[in-house]
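Working through the structure, step by step
Below are the chains, spelled out letter by letter.
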Amino acid sequence: EESFYFSMKVGVLGLAILTLVVWIIAFNISRPLRRTTRVLKRLANGHIDVSRKMKVRSDDELGEMSNSVNTLIDGLHSTVVFAEQIGQGILDADFKQLGEKDVLGGSILNMRDSLVKAKNEEQNRKILEQNINWASEGLTKFSKILRENNDDIKKLSFNIISNLVDYIAANEGGLYIVNDKDKNDIHFELVAHCAFLKEKYSKTR
């Protein structure tokens, strides 16, 4: 009977120790799982907080899972920052994808490239439009000049060259016409010269 009761006591004690060990193991497994679940739920709701990154305490599967969750948080945070920079018009901001198969990062980069392309096309369109307007205004201006003083070649020439120098923002300019009165001495003759909006008279062939 003493041996039986002793065996019973040893069995109950062993069962209690085994239960305690199993509980400790289960707790050490379930606690990081619950913490990971809470973090993933927050990420699923769109709440990305770098301060909520998990502490890696082991090199086993649980540690790898924590590392993966932390990598995901860092990647999503970088994507959010990059998207905010694009929204602010900073289209040359740096961004590193999580990997070759990072679909979200690739889409963000494609969007950035599309915005850059659209911006460049808009700038080119504005430049082209300005050039067209500049040319149209010039044609109108010089058409009017050609109708004035067209009976005086000197005044007409000076009006043309002085307005042309001003219109293209040049420093000076000269207007030459072919002088073919003498068939043996055909040459270009300076009929009007303008420098800094002042007429200069200098006979130049």
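These numbers were taken from a predicted model, which means no experiment stands behind them.

What about the overall build of the chain?
Tallying secondary structure elements over the chain gives four helices and three strands in all. The order of α-helices and β-strands along the chain, N terminus first, is α-α-α-α-β-β-β. In the chain, once contacts between residues fewer than 6 apart in sequence are set aside, the share between residues at least 24 apart is 36%. Carbon and sulfur atoms provide 57% of the accessible area of the chain, an area that totals close to 15800 Å².

Regarding a nonpolar patch on the surface
A grouping of L13, I17, V21 and I25 is seen on the molecular surface, where their side chains present a nonpolar patch of about 360 Å² in accessible area. Mapped onto the elements, V21 comes out in helix α1 (residues 2–44).

Focus: the packing of aromatic side chains
A full pass over the atoms with the stated rule returns four aromatic pairs. Considering the side-chain rings of F82 and F95, the 4.7 Å spacing of their centres and the 20 degrees angle between planes classify their relative orientation as stacked. With F82 in helix α2 (residues 61–87) and F95 in the loop between α2 and α3 (103–147), this pair connects stretches of sequence that are 13 residues apart. Accessibility classification places F82 together with F95 in one group, the buried group. Aromatic pair F142 and Y167: ring centres 6.2 Å apart, planes at 90 degrees, arrangement edge-to-face. Separated by 25 residues along the polypeptide, F142 in helix α3 and Y167 in helix α4 (residues 153–167) bring together distant segments of the chain. Feature note: the residues W134, F142 and Y167 constitute an aromatic cluster, connected by ring pairs.

Let's talk about α3
The α-helix winds at 3.6 residues per turn, so residues separated by three or four positions along the chain end up facing the same way. Here α3 is 45 residues long and its end C-alpha atoms lie 66 Å apart, about the 66 Å a rise of 1.5 Å per residue gives. Buried residues of α3: G105, G106, I108, L109, R112, G138, F142 and I145, and no others. Among the residues of α3, the N-terminal cap falls to D102, whose side-chain oxygen and the backbone nitrogen of G105 are separated by 3.1 Å.

Some details on the environment of G105
Along the chain, G105 falls in helix α3. Taking C-alpha positions, G105 is 9.3 Å from S78, a pair spaced 27 residues apart along the chain. With residues near it in sequence (within four places) discarded, G105 still touches F95 and Q97.

Regarding the nonpolar core
Counting seven residues, the largest nonpolar core is built from F82, I86, L91, A93, F95, I108 and L109. Elements that contribute at least two residues to this core include exactly α2 and α3. When sequence neighbours within four positions are dropped, the list of residues in contact with A93 reads F82, Q85 and R112.

Description of the pattern of salt bridges
Counted according to the given criterion, the structure contains four salt bridges. In this structure, D113 engages R112 in a salt bridge whose closest nitrogen and oxygen atoms are separated by 3.2 Å. Judged by relative accessible area, which is 41%, D113 ranks as partly exposed. Take R112: its relative accessible area is 15%, and that puts it in the buried class. R125 is the salt-bridge partner of E129, the closest N and O atoms lying 2.8 Å from each other. You can see E129 and its partner R125 sitting in helix α3, four residues apart, about one turn around the helix. One network of salt bridges, in which partners are shared, links E122, R125 and E129.

Describing the confidence of the model for the chain
Mean pLDDT for the chain: 82, with 89% of residues reaching 70 or above. Per-element confidence in the chain ranges from a low mean pLDDT of 58 for strand β3 (residues 198–199) to a high of 91 for α3.

Overview of the environment of W134
Within the element layout of this structure, W134 appears in helix α3. Here W134 falls in the partly exposed class, since its relative accessible area comes to 43%. Not counting chain neighbours up to four residues away, the residues in contact with W134 comprise Y167 and I168.

Conventions adopted
Residues numbered from 1 in each chain as written. Predicted model: local features only at pLDDT ≥ 70, side-chain atom pairs only at ≥ 80, totals over all residues. Heavy atoms only, no water. Helix = DSSP H or I, 4+ residues; strand = E, 2+ residues; numbered from the N terminus. Contact = heavy atoms within 4.5 Å. Areas by Shrake-Rupley, 256 points an atom, 1.4 Å probe, with all protein chains shown as cover. Patch = residues over 30% accessible without salt bridge, like charges linked within 9 Å, V, L, I, M, F, W, Y side chains within 5 Å. Salt bridge = Lys/Arg side-chain N within 4 Å of Asp/Glu carboxyl O. Phe/Tyr/Trp six-rings, centres within 6.5 Å; stacked < 30°, edge-to-face > 60°. Buried < 20%, exposed > 50% of the residue type's maximum accessible area, 1.4 Å probe, protein only. Expected span 1.5 Å × (residues − 1). Polar contact = N/O pair within 3.5 Å; in protein donor to acceptor, adjacent residues only side chain to side chain. Core = buried A, V, L, I, M, F, W, Y, C linked by side-chain atoms within 4.5 Å. pLDDT = per-residue confidence, 0-100.

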